[in-house]
Amino acid sequence: VRFFFKTQYDQDIRLVKHGGQVFWYGLLAVALLLAPWSVGDYWMTQLSFILIYSIAGLGLMVLAGFTGLASLGHAAFLGVGAYTQAYLLSHGWPFVLTLPCAAALSAAVGVVVGLPALRVKGIYLAIATLAFGFIVEEVLARWESVTGGNSGRNVPGVSIFGWELGSGAGFYYVCLVVCALATLGVLNLLRSGTGRAFIAIRDSEISAQSMGIAIARYKTLAFAISAALTGAAGALYAHKLAFISPDQFGALQSIELLLVVVVGGVGSVHGAFLGAIFLIALPQFIAVSKDWLPPAIGQASGLQGLIYGAVLVGIVLFEPLGLYGRWLKMRTYLQLFPFYRRGLFKRQKAFTKSERLR
Amino acid sequence: MPGALACACAGMLGAHRHRWPRTRPAPKGDARVTAFLQLLISGISLGCIYALIALGFVLIYKATETVNFAQGELMMLGAFGGLALMQVAHLPFIVAVVLAIAAMAGCGVLLERVAIRPILGQPQFTVVMLTIGLGFMARGLMTMAPSYGSDTHALPVPYQGQVWNFGALVVSVEQVVVIVVTVVLCALLYAMFRYSRIGIAMQAASQNQLAAYYMGIPVQRLNGLVWGLSAGVATIAGLLLAPFTFVHVNMGFIGLKAFPAAVVGGFGSLPGAIVGGLVIGVIESMAGFYLPEGFKDIAAYVVVLLMLVIKPNGLFGGSVRKKV
């Protein structure tokens, strides 16, 4: 059993809690930096996708996990980012400008969506974002002069100051840098007053309001930040795919993003990464397992959907804190070795808690 | 591949944009009025389908405060159930319909017991994710049904393809059946909630669960019954929809359009669901004819966003504020 004695107030909000974290995250950083030399092209692609989905997952985590506003239309922000990137690049803007622009435009759209969110909550908000997602998908399909319509459009490769990065290791480093910046940004946000206001709003809007938190401002801000992160991820996603069409940014993509957040663990920054790893790894696993299943099951077109659904149901029923929650439990078990109690993480039952009155 | 699911299913999502029968009469003089009436009737019959699906949402929402995102999939399962009873078991139409409704109601009760009750009292978001997952599972399992799941089937209804002519107006019997069944079902539901013991108990439980418990009402068992009722209504909607869109795995996506219907009416109101469904159906039908292409598919969503901005509680929803 290890104890950390806190002797200064700073220690509560310090980004790095103890030396162990420096060591392990340092090791992870070195491993990620050296990855292009140790793994092949295929794994580079997968790693890039994991980083991109992590950024989008972080965006949704800020909104759904920390502010408590569920969004069923987050793929729309991914789409706005992707199309902004493609449009601006094809008009000769440099990459270093287009990426912030994609994020900024996405954030602006996020603020617009956030406006109805100020008045509605819970299920109404979920339906509002769902509706917004459908509308954006349709706009992307119909606004042919900018988006190329349903036939899609090509996305030029990344070049920074005349240096062509291609789609392999160079692009991987771009993703890594953006992802690291996004993660640090979110971590810093969460230990600032703004982040704590988000969490207060999630836990109880009325308590937050009576503590003097301007609900409208912080909800709009949460939408903007979340949309900006997702927009940046969308820009990178567009580069990685090199070809985008509106149906990549539909309702199912939104649900995949939610899957990242829920499977990883709602309300934890680690969760976004674990969820992204899971989302990228699962199709590989399904592809392998197809050979072992009887053909009636293995060849069915709905196999992937079935497994996604089953995972979602299983996580919600049995591990509400997601993969990160599972990791926490394992770690706590080891730390407290003989003294771990089964009820330590038990969720409380509240049969009559009504969300109509929140 | 990431996004492979989105890519694989994008085609299906596109496919669910069914062609609702609509006629394009010559735009001359009196024909305009006929065209309008024609659109109105087709809009109302489409709206009735939305209303029935929305009714399912609202029943469950009122009773358990959870939102069932798998309502469309329950509808799909019900339609497949009816189809199997007719084509595999060779039962007559009416028997197959009644059996399908009863079987799906049983499924609904079972679903509540197995999946929903364990997480009762958790945040709404949890149940939303759970039912989305259940919907995915239902769709995936259905594709695995041998020789059935992956194809599109026509449901053999006795009134297929018949039309009635009223002057220049052409009304298909399928549309009339949809409207009549919806009206009858609404009357039955109204009578049940108004006069039967069980209906009044359901009302009590939905108004205040705790108080209902204290009065000796078995709230949990009622919740199961409500899920069964809702699944039965979904089956009726599926069987009514089948002559228009055929029976296929992705017919449940139409459920996504019933959400706007429920919100426009106010999520906790049964008459609201009916009115909301009709409003959305008629607007969609009109938008498909009078507005440029593309507006038909998003008309429902534009309406719901406007509604949420202007009147977040819907047409019939009451506003409740928490007292601190």
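Note that the structure is a prediction, hence the values are computed from the model and not measured.

## Digging into the overall build of chain A
- Of the regular secondary structure elements, chain A holds 16 helices and 4 strands.
- Over its C-alpha atoms chain A spans a radius of gyration of 21 Å, differing by no more than 12% from the 21 Å that the globule rule assigns to 358 residues.
- Principal axes of the C-alpha set define a box for chain A whose edges measure 60 × 50 × 50 Å.
- Taken across its 358 residues, chain A has 50% of its residues classed as buried.
- Restricting the contact set of chain A to residue pairs at least 6 apart, pairs at least 24 apart contribute 75%.
- Mean positive and mean negative side-chain charge positions of chain A (26 and 14 charges, respectively) differ by 14 Å.

## Some words on the overall build of chain B
- Within chain B, the regular secondary structure consists of 12 helices and 2 strands.
- The N-to-C order of helical and strand elements in chain B reads α-α-α-α-α-β-β-α-α-α-α-α-α-α.
- Going through the 324 residues of chain B one by one, you find that 57% of them count as buried.
- Taking as baseline every contact in chain B between residues at least 6 positions apart, the subset at least 24 positions apart corresponds to 74%.

## Considering empty space enclosed by the protein
- Summed over the entire model, instances satisfying the criterion amount to 8 cavities of 30 Å³ or more.
- If you trace the largest cavity, you find 19 residues lining it, with A:Ile255, B:Phe69, B:Arg139, B:Phe253 and B:Leu256 closest to the centre.
- Taken together, the elements giving at least two residues each to the lining of the largest cavity come down to helix H12 (251-264) of chain A together with helix H3 (71-87), helix H5 (124-143) and helix H10 (255-265) of chain B.
- Here the lining of the largest cavity is built from residues that sort into 12 nonpolar, 5 polar and 2 charged.

## Focus on the pairing of strand S1 (residues 163-166) of chain B
- As defined by bridge partners, S1(B) adjoins strand S2 (residues 169-172) of chain B across 4 bridges and the pair is classed as antiparallel. Looking across to S2(B), one finds that B:Asn165 is bridged to B:Val170.

## Observations concerning helix H4 (residues 93-116) of chain B
- The first and last C-alpha atoms of H4(B) sit 33 Å apart over 24 residues, in line with the 34 Å expected at 1.5 Å per residue.
- The complete set of buried residues in H4(B) reads B:Ala96, B:Val97, B:Ala100, B:Met104, B:Gly108, B:Glu112, B:Ala115 and B:Ile116.
- For H4(B), the secondary structure elements touched by its buried residues are helix H15 (303-318) of chain A together with H3, H5 and helix H9 (219-245) of chain B.

## A few points about the environment of B:Ala89
Residues and elements named next belong to chain B.
- With respect to the element layout, Ala89 can be found in the loop between H3 and H4.
- Judged by relative accessible area, which is 43%, Ala89 ranks as partly exposed.
- Note: C-alpha distance between Ala89 and Phe36 (53 residues apart in sequence) is 43 Å.

## Points about the confidence of the model for chain B
All names here are of chain B.
- Mean pLDDT for chain B: 81, with 87% of residues reaching 70 or above.
- Here residues 1-23 is modelled with pLDDT under 50, and outside its nearest four sequence neighbours on either side it reaches 50 contacts, counting other chains as well.
- Across the predicted assembly, pTM comes out at 0.85 and ipTM at 0.83.

## Regarding the packing of H15(A) against H5(B)
- Where H15(A) meets H5(B), the closest approach of the two axes is 7 Å, and the angle between their N-to-C directions is 150°. The orientation of H15(A) relative to H5(B) falls into the category roughly antiparallel. Regarding H15(A) and H5(B), the two cross each other, and that crossing is left-handed. Residues A:Gly305, A:Leu306, A:Gly309, A:Ala310, A:Leu312, A:Val313, A:Val316 and A:Leu317 of H15(A) pack against B:Thr126, B:Met129, B:Leu130, B:Ile132, B:Gly133, B:Leu134, B:Phe136, B:Met137, B:Gly140 and B:Leu141 of H5(B).

## Points about the packing of aromatic side chains
- Under the defined criterion, the tally for this structure stands at 13 aromatic pairs over all chains.
- Seen from their ring centres, A:Tyr42 and A:Trp43 are 5.5 Å apart, and the 80° between their planes marks the pair as edge-to-face.
- For A:Trp43, a relative accessible area of 52% corresponds to the exposed category.
- Among the aromatic residues, those joined into a ring-pair cluster are A:Phe49, A:Tyr53, A:Tyr83, A:Tyr237 and A:Phe249.
- A cation over a ring is seen here: A:Arg217 above A:Tyr218, with NZ or CZ 5.1 Å from the ring centre.
- Note that B:Arg139 overlies the ring of B:Phe136, its terminal NZ or CZ placed 5.1 Å from the centroid.

## Digging into the pattern of salt bridges
Residue and element names in this part refer to chain A.
- Overall, the coordinates contain 9 salt bridges over all chains when judged by the stated rule.
- In this structure, the salt-bridge partner of Lys219 is Glu205, at a minimum N-O distance of 3.0 Å. Taken as a pair, Lys219 in helix H11 (residues 215-241) and Glu205 in helix H10 (residues 205-210) lie far apart in primary sequence, 14 residues in all.
- As a salt-bridge pair, Glu319 and Lys329 come within 2.7 Å of each other at their nearest N and O atoms. Of the two residues, Glu319 sits in the loop between H15 and helix H16 (322-335) while Lys329 sits in helix H16, which places them 10 residues apart along the sequence.
- Owing to a relative accessible area of 9%, Glu319 belongs among the buried residues under this scheme.
- By relative accessible area, which is 16% here, Lys329 ends up buried.
- Three or more residues joined by partner-sharing salt bridges are found here, namely Glu319, Arg326 and Lys329.

## Focus on the side chain of B:Glu73
Residues and elements named next belong to chain B.
- The residue Glu73 is located in helix H3 in this model.
- A relative accessible area of 6% places Glu73 in the buried class.
- Here the side chain of Glu73 touches Arg139 through a polar contact of 3.0 Å, side chain to side chain.
- If sequence neighbours within four positions are ignored, Glu73 has contacts with Gly135, Ala138, Arg139 and Gly252.

## As for the packing of H10(B) against helix H11 (residues 270-290) of chain B
Residues and elements named next belong to chain B.
- It is at 7 Å that the axes of H10 and H11 come closest, and there the two elements cross at 125°. Looking at the two axes, H10 sits oblique to H11. Taken as a pair, H10 and H11 cross one another with a handedness that is right-handed. Between H10 and H11, the residues in contact are Lys257, Pro260, Ala261, Val264 and Gly265 and Gly272, Gly276, Gly277, Val279, Ile280 and Glu284, respectively.

## Here we look at the nonpolar core
- Counting 198 residues, the largest nonpolar core has A:Tyr53, A:Ile123, A:Leu236, B:Leu130, B:Phe259 and B:Phe267 as its most contacted members.
- With near-sequence residues (within four places) excluded, B:Phe259 lies in contact with A:Ile127, A:Leu130, B:Phe57, B:Val67, B:Asn68, B:Phe69 and B:Phe267.
- In terms of nonpolar packing, the next biggest core, distinct from the first, is built from 5 residues, A:Ala103, A:Ala107, A:Ala228 and A:Ala232 among them.

## Focus on the environment of A:Gly73
Residue and element names in this part refer to chain A.
- Tracing the backbone shows Gly73 in the loop between helix H3 (41-66) and helix H4 (75-90).
- Its relative accessible area of 2% is what places Gly73 among the buried residues.
- Taking the C-alpha atoms as reference points, Gly73 and Thr129, 56 residues apart in sequence, are found 4.8 Å from one another.
- Excluding residues that lie within four positions of it along the chain, Gly73 makes contacts with Thr129, Leu130, Phe132, Gly133 and Ser254.

## Section: the side chain of B:Arg117
- With respect to the element layout, B:Arg117 can be found in the loop between H4 and H5.
- If sequence neighbours within four positions are ignored, B:Arg117 has contacts with B:Glu112, B:Gln220 and B:Arg221.

Scoring rules and cut-offs
- Residues numbered from 1 in each chain as written.
- Chains lettered and ligands numbered in written order.
- Predicted model: local features only at pLDDT ≥ 70, side-chain atom pairs only at ≥ 80, totals over all residues.
- Heavy atoms only, no water.
- Helix = DSSP H or I, 4+ residues; strand = E, 2+ residues; numbered from the N terminus.
- Rg over C-alpha atoms; globule rule 2.2 N^0.38 Å.
- Buried < 20%, exposed > 50% of the residue type's maximum accessible area, 1.4 Å probe, protein only.
- Contact = heavy atoms within 4.5 Å.
- Lys, Arg positive; Asp, Glu negative; His and termini not counted.
- Charge placed at Lys NZ, Arg CZ, Asp CG, Glu CD.
- 1 Å grid on protein atoms, 1.4 Å probe; cavity = no way out; pocket = protein on both sides within 12 Å on 5 of 7 lines; lining within 4 Å.
- Points joined across faces, edges and corners; volume = space filled by probe spheres on them.
- Nonpolar A, V, L, I, M, F, W, Y, C, P; charged D, E, K, R; others polar.
- Pairing = 2+ DSSP bridges.
- Expected span 1.5 Å × (residues − 1).
- pLDDT = per-residue confidence, 0-100.
- Axes fitted to C-alpha atoms, helices over the stretch in contact; angles between N-to-C directions.
- Parallel < 35°, antiparallel > 145°, perpendicular 65-115°, else oblique.
- Left-handed = near helix turned anticlockwise from the far one by under 90°.
- Phe/Tyr/Trp six-rings, centres within 6.5 Å; stacked < 30°, edge-to-face > 60°.
- Lys NZ or Arg CZ within 6 Å of the ring centre and 35° of its normal.
- Salt bridge = Lys/Arg side-chain N within 4 Å of Asp/Glu carboxyl O.
- Polar contact = N/O pair within 3.5 Å; in protein donor to acceptor, adjacent residues only side chain to side chain.
- Core = buried A, V, L, I, M, F, W, Y, C linked by side-chain atoms within 4.5 Å.

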